[in-house]
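Chain by chain, the residues run as shown.
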Amino acid sequence: MNTIPFLHPAAQFHALREEILAATTSVLAGGRYILGPEVQALETEIAAQCRAGFGVGVNSGSDALTLALHALGVGPGDEVITSPFTYIAPAESIHQLGAKIVFADIDPRYFTLDAADVGRRVTSRTKAILPVHLFGQAAPMEELLKLGLPVVEDAAQAIGARRHGLPVGGIGKMGCLSFYPTKNLGACGDGGMVITSDEALERVLRRSRVHGISQRYHHESHGFNTRLDELQAAILRVKLRYLEGWNVRRRELAARYNAGLTELPVELPLTAPGNEHVFHVYAIQNDQRDALQAHLAERGIPTIIYYPVPLHRQRCYADQGWRQGDFPATERVSERILPLPMYPELTNEQVDRVIEEIRAFFE
Ligand SMILES: Cc1ncc(COP(=O)(O)O)c(C=O)c1O
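No experiment lies behind these values; they were computed from the predicted model shown.

To continue, consider the overall build of the protein chain. For the protein chain, the count of helices and strands is 12 helices and 16 strands. For 363 residues, the compact-globule estimate of 2.2 N^0.38 gives 21 Å, and the C-alpha radius of gyration of the protein chain, at 20 Å, lies within 12% of that figure. Split into buried and exposed, the 363 residues of the protein chain put 46% on the buried side. Counting contacts in the protein chain only where the partners sit at least 6 residues apart, residues at least 24 apart contribute 66% of the total.

Set out below in structure tokens:
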């Protein structure tokens with residue numbers, strides 16, 4: 001029985017081996033390893049891709065979020081509203097800056113923030129809204145922007161996705177990207193970027209990613225050390241040329257899953273009107289999720305649950321006072337969600353085998 005890998009980050013290296021080796025060899029031979037011309041070129045190319053003015057390359061998507069909130073001046077006494085159904089990074093970035101995490105529930109149809117619930121949680125202390133474009137589709141940006149607060153987009157999982165024709169990352173005040181290896185645009189290590197069209201914010205971001213310096217050994221403001229390296233930037237520039245095609249392939253695979261699973265008692269992932277989804281994750285839902293996951297694993301189809309424990313139920317936040325029942329849509333989705341293998345190199349035959357095994361479970 002052949003295993004179908006859940007993720008396959010090396011596949012792109014094998015497909016682009018010559019181009020990647022040429023790009024990285026040139027960096028290695030050049031001797032400029034941190035924040036050099038490759039990073040600068042990548043910043044320009046990604047900003048253009050997001051239809052924004054500037055990109056600021058940093059060490060990870062997590063750092064991009066922290067830097068973006070820091071640039072807005074988020075600190076103790078402030079509140080930032082975000083989603084409890086996602087990876088921990090957005091909540092963690094708020095907490096790291098000493099501000100209060102305020103969760104709003106998700107819209108269970110799309111897994112992104114419920115804008116009406118966000119609206120109910122705005123107070124005089126709300127400094128920003130931090131929506132996550134989860135699994136590759138945009139949060140309801142226009143509804144969130146109407147609330148009149150700075151919106152920092154967590155676009156870590158959604159580079160290339162659009163909402164009403166606008167690329168994510170460039171819609172709000174700032175957008176944050178992750179280049180973690182399994183992302184739609186993945187490096188061979190950590191990497192991230194903040195996108196903005198605000199020149200003043202761009203200056204602050206550039207300064208704070210290198211210890212707040214204005215010129216060598218002169219520190220104008222408090223900062224961090226979160227720099228993108230040239231090797232990762234060179235690899236990402238090669239891969240960026242293929243991103244659009246890879247995202248198209250992800251949509252084809254999602255359509256194939258949808259067609260094959262449509263008659264079965266599972267809920268298929270929905271795309272919100274106006275969204276162009278890039279299927280970072282393709283996830284179905286079912287009440288027998290754990291049994292279905294075990295059934296697939298026994299047949300060579302291992303899967304990973306995103307996310308089994310909502311953020312308001314994580315032990316690290318036990319002192320924050322949230323309880324089971326606080327975010328019902330999030331809790332229900334966490335118990336029922338089952339992501340299936342999804343990456344551009346997945347073959348039609350592999351998708352068909354996953355469909356067959358799911359079918360067999362229900363027969
Ligand atoms: C939604 C989301 N935000 C932020 C991050 C953080 O990115 P990184 O792992 O590059 O720090 C990730 C992923 O890893 C993510 O999925």
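Don't stop here, the text continues.
So, on to the pairing of strand β6 (residues 126–130). Counting buried residues in β6 gives 5 out of 5 residues, a clear majority hidden from the surface. Two elements, strand β2 (residues 79–82) and β6, share 4 bridges in a ladder whose sense is parallel. Along β6, the bridge assignment pairs isoleucine 81 with isoleucine 129.

Taking 1.5 Å as the rise per residue, helix α2 (residues 17–30) with 14 residues should run 20 Å; its terminal C-alpha atoms sit 20 Å apart, in good agreement. Phi turns positive one or two residues past the end of α2, at glycine 31, with a value near 85 degrees.

Once that is clear, we can look at the sheet that holds strand β1 (residues 54–58). Taken in spatial order, the 4 strands line up as β1-β11-β10-β7 in an open sheet, and their pairing is mixed. Only two strands of the sheet have a single partner each, and these edge strands are β1 and β7 (152–154). This sheet shows a mean twist of 20 degrees between the axes of neighbouring strands, independent of strand direction. Of the pairings in the sheet, the one linking β7 to strand β10 (residues 174–178) comprises 3 bridges and is parallel in character. In the strand pairing of β10, aspartate 154 is matched with cysteine 176. Against the sheet, helix α3 (residues 37–49) makes contact with β1 and β11 (192–196), and its axis sits at roughly 130 degrees relative to β1, the strand it touches most.

This next bit is on the site of the ligand. Taken together, 15 residues are adjacent to the ligand, and Ser60, Gly61, Ser62, Ala89 and Ser178 come closest. When its residues are assigned to classes, the shell around the ligand shows 6 nonpolar, 7 polar and 2 charged.

This brings us to the sheet that holds strand β14 (residues 275–276). Overall, antiparallel pairing links the 3 strands, which are arranged β9-β8-β14 in an open sheet. Of all strands in the sheet, those with a lone pairing partner are β9 (166–167) and β14, marking the two edges. Here 2 bridges tie strand β8 (residues 162–163) to β9, and the two strands are oriented antiparallel to one another. Its bridge partner being in β9, arginine 163 is matched across the sheet by leucine 166.

To continue, consider the packing of helix α9 (residues 230–261) against helix α12 (residues 348–362). Packing of α9 against α12 brings their axes to within 10 Å, and their N-to-C directions diverge by 30 degrees. For the element pair α9 / α12, the angle class is roughly parallel. Pair α9 / α12 crosses with right-handed handedness. Where α9 approaches α12, its residues Leu253, Arg256, Tyr257, Gly260 and Leu261 are matched on the opposing element by Asn348, Val351, Asp352, Ile355 and Ile358. In terms of residue class, the contact of α9 with α12 is built from 6 nonpolar, 2 polar and 2 charged.

A few words now on unusual backbone geometry. Cis rather than trans, the peptide bond between tyrosine 306 and tyrosine 307 has omega equal to -5 degrees. Take tyrosine 307: it is sitting in the loop between α10 (289–298) and α11 (328–336). Its identity as a non-glycine residue notwithstanding, histidine 164 has a phi of 45 degrees, on the positive side. Along the chain, the position of histidine 164 falls in the loop between β8 and β9. Note on histidine 164: 12 C-beta atoms within 10 Å, which makes it exposed.

So, on to the domain arrangement of the protein chain. As far as domains go, the protein chain holds domain 1 (10–237) and domain 2 (242–362). For domain 1 and domain 2, the distance between their C-alpha centroids amounts to 24 Å. In this assembly, 28 residues from domain 1 lie in contact with 29 residues from domain 2. For the side of domain 1 that touches domain 2, the class distribution of residues is 16 nonpolar, 7 polar and 5 charged.

Basis of the calculations
Residues numbered from 1 in each chain as written. Predicted model: local features only at pLDDT ≥ 70, side-chain atom pairs only at ≥ 80, totals over all residues. Helix = DSSP H or I, 4+ residues; strand = E, 2+ residues; numbered from the N terminus. Rg over C-alpha atoms; globule rule 2.2 N^0.38 Å. Buried ≥ 20, exposed ≤ 12 C-beta atoms within 10 Å, placed from the backbone. Contact = placed C-beta atoms within 7 Å. Pairing = 2+ DSSP bridges. Expected span 1.5 Å × (residues − 1). Axes fitted to C-alpha atoms, helices over the stretch in contact; angles between N-to-C directions. Near = placed C-beta within 6 Å. Nonpolar A, V, L, I, M, F, W, Y, C, P; charged D, E, K, R; others polar. Parallel < 35°, antiparallel > 145°, perpendicular 65-115°, else oblique. Left-handed = near helix turned anticlockwise from the far one by under 90°. Domains from an automatic or database assignment.

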